[in-house]
Amino acid sequence: MKKTVATILKQKSEHDRITMLTAYDYSTAKLIDESGIDIILVGDSLGMVMLGYEDTLSVTMNDMIHHTAAVSRGTQNALVVSDMPFMSYQTSVYDAVLNAGRLMKEGRANAVKLEGGLEFAPHVKAITDASIPVMAHIGMTPQSVNKFGGFKVQGQDEKNAAKIIKDARAMQDAGAFAVLMECVPDKLAAYITEILDVPTIGIGAGNGCDGQVLVYQDMLGMYSDFTPKFAKKYAEIGQSMKDAFSSYIDEVKSGNFPESKHSFALKEDIDFNNLDKKSEA
């Protein structure tokens with residue numbers, strides 16, 4: 001059954017934990033979807049794990065539309081949420097609605113995700129008023145890495161904790177159907193989860209949230225440039241891939257691949273020398 005915003009909201013009321021993973025291409029999305037995930041996030045994290053950027057700031061709207069469309073084609077059941085990239089909504093409320101609409105219309109997303117708190121409440125309200133569901137993203141927001149001075153935990157003191165609580169309430173009041181919290185203390189995230197009517201999704205925010213999200217390359221051991229503290233590895237697929245690549249190289253160089261079972265046979269005997277002479281005549 002296709003997941004919708006309504007079914008995700010229902011999961012909170014029924015205390016059914018929400019599962020969410022990233023995907024950026026058709027084949028991976030298909031595998032994740034068939035595993036029974038609730039939400040697939042096409043994150044602007046693709047800038048780092050797919051395109052090799054040092055952060056997410058260089059990701060464009062065209063990048064997001066391209067990857068979101070591929071994921072949408074591979075997804076039958078999960079709710080597909082697409083990130084709004086840096087400077088696609090910060091410039092104005094008008095730009096926010098326009099670009100959110102592009103992700104829905106061209107990328108075939110089911111919802112969009114937007115980083116920021118109280119200052120972007122008008123943007124979220126305008127997008128939701130245009131019948132586009134919004135997942136809010138507060139706490140450590142990667143697009144603000146330069147403002148924060150790095151990828152740092154947010155809300156560890158009273159002043160900043162109060163700001164994150166205010167941001168969470170503002171996003172809910174503006175119409176967000178869910179609030180993602182990244183790199184905030186677990187007790188703060190649990191408190192926000194308790195006071196909000198909409199679901200919370202955590203990444204580095206402890207076990208008290210209504211759901212969890214991870215970047216799939218992190219949880220499969222496929223991205224070695226940087227491993228966040230919050231990323232549990234459920235498999236070492238990266239090493240398995242390297243082992244398979246090495247085996248392929250060895251078999252090609254030794255002549256053990258391809259074998260006859262990987263090749264095609266003629267339908268009849270052919271004298272190639274004679275055939276070659278005829279072709280030259």
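Read on for a plain summary of the structure. This structure is a prediction, so every number in the text was calculated from the model and none was measured.

1. Observations regarding the layout of surface pockets
Vacant regions in the atomic arrangement are exposed by a probe of water-molecule size rolled over the atoms.
Point 1. As a volume, the largest pocket reaches approximately 1100 Å³.
Point 2. Sorting the residues of the lining of the largest pocket by element identifies β1 (18-22), α3 (46-49), β4 (111-115), β6 (178-182), β7 (200-203), β8 (211-214) and α10 (216-219) as the ones contributing at least two each.
Point 3. For the lining of the largest pocket, the class distribution of residues is 27 nonpolar, 11 polar and 11 charged.
Point 4. Space inside the second largest pocket adds up to approximately 350 Å³.

2. A few points about the sheet that holds strand β2 (residues 39-42)
Point 1. Here eight strands make up a closed barrel; going around it, the order is β1-β2-β3-β4-β5-β6-β7-β8 and the pairing parallel. Each adjacent strand pair in this sheet contributes to an overall mean axis angle of 25°, direction not counted.
Point 2. Where strand β5 (residues 134-139) lies against β6, five bridges are found, and the strand directions are parallel. Among the inter-strand pairings, M135 is bridged to a residue of β6, identified as A178.
Point 3. Along the sheet, helix α4 (residues 61-73) contacts β2 and β3 (79-83); its crossing angle with β3, the most-contacted strand, is approximately 170°.

3. Points about the packing of aromatic side chains
Point 1. Counted by the stated rule, this structure contains three aromatic pairs.
Point 2. Note on Y89 and F120: the rings are 5.3 Å apart at their centroids and 75° apart in plane angle, and the pair reads as edge-to-face. Of the two residues, Y89 is situated in the loop between β3 and α5 (93-105) and F120 in the loop between β4 and α6 (121-129); the sequence distance between them amounts to 31 residues.
Point 3. The interplanar angle of 65° and the centroid separation of 6.1 Å between the aromatic rings of Y248 and F257 together place this pair among those described as edge-to-face.
Point 4. Look at F257 and you get partly exposed, because its relative accessible area is 33%.

4. Examining the packing of helix α8 (residues 158-174) against helix α9 (residues 186-195)
Point 1. Put simply, α8 and α9 touch, their axes get as near as 11 Å, and they point 30° apart. For the element pair α8 / α9, the angle class is roughly parallel. Crossing angle aside, the handedness with which α8 passes α9 is right-handed. When α8 is examined against α9, the residues A161, I164, I165, A168 and R169 are found in contact with a partner set consisting of L188, Y191, I192 and I195.
Point 2. Of the residues assigned to the contact of α8 with α9, the class counts are eight nonpolar, no polar and one charged.

5. Considerations on the side chain of Q217
Point 1. Checked against the element boundaries, Q217 lands in helix α10.
Point 2. Looking at Q217, its side chain comes within polar contact range of the side chain of Y216, at 3.4 Å.
Point 3. Look past the residues within four positions of Q217 in its chain and what remains in contact with it is T22, Y24, V49, M50, M222 and Y223.

6. Some remarks on the nonpolar core
Taken as a class, soluble globular proteins show a tendency for nonpolar side chains to be buried jointly.
Point 1. One finds V112, I127 and M181 to be the most contacted residues of the largest nonpolar core, which totals 57 residues.
Point 2. Top element by residues in this core is α8. It accounts for five residues.
Point 3. Among residues more than four places away in sequence, those in contact with I127 are M84, A96, V97, A100, V112, L114, I132 and V134.

Thresholds, definitions, all that
Sequence order sets the numbering: in each chain, residues are counted from 1 along the sequence as written. For this predicted model, a pLDDT threshold of at least 70 governs which residues receive local features, and a threshold of 80 or more governs which side-chain atom pairs are given and counted, while totals over whole chains, interfaces and linings are taken from all residues. Excluded from the side-chain calculations are hydrogens and water; all other atoms, namely the structure's heavy atoms, are used. Grid points spaced at 1 Å over the protein atoms alone were grouped into cavities, where a 1.4 Å probe fits but cannot get out, and pockets, open sets with protein on both sides within 12 Å along at least five of seven lines, with lining residues defined by an atom within 4 Å of a point. Grid points are joined across faces, edges and corners, and a volume is the space filled by probe spheres set on the points. Where helices and strands are cited, they refer to DSSP runs of H or I of at least four residues and of E of at least two residues respectively, numbered from the N terminus. Gly counts as polar in this scheme, as do all residues outside two lists: the nonpolar Ala, Val, Leu, Ile, Met, Phe, Trp, Tyr, Cys and Pro, and the charged Asp, Glu, Lys and Arg. Following DSSP output, two strands are said to pair if at least two bridges run between them. Axis lines are fitted through C-alpha atoms, for helices just across the contact stretch, and the angle between N-to-C directions can take any value from 0 to 180 degrees. Two residues qualify as a contact provided that any one of their heavy atoms is within 4.5 Å of a heavy atom in the partner residue. Classification of ring pairs uses Phe, Tyr and Trp, with its six-membered ring standing for Trp, and accepts pairs whose centres are within 6.5 Å; under 30 degrees between planes counts as stacked, over 60 as edge-to-face, and the remaining range as tilted. Exposure categories follow from relative accessible area, calculated using a 1.4 Å probe and restricted to protein chains: below 20% of the type maximum is buried, above 50% is exposed, and the middle band is partly exposed. With respect to orientation, any angle under 35 degrees is reported as roughly parallel, any angle over 145 as roughly antiparallel, any angle of 65 to 115 as roughly perpendicular, and every other angle as oblique. With the far helix as reference, a near helix turned anticlockwise by less than a right angle produces a left-handed crossing, and one turned clockwise produces a right-handed crossing. Polar contact criterion, stated in full: a pair of N or O atoms within 3.5 Å, where within protein one must be able to donate a hydrogen and the other to accept it, and residues adjacent in sequence count only if both atoms are side-chain atoms. Among the buried residues, those of types Ala, Val, Leu, Ile, Met, Phe, Trp, Tyr and Cys that are joined through side-chain atoms within 4.5 Å form a nonpolar core.

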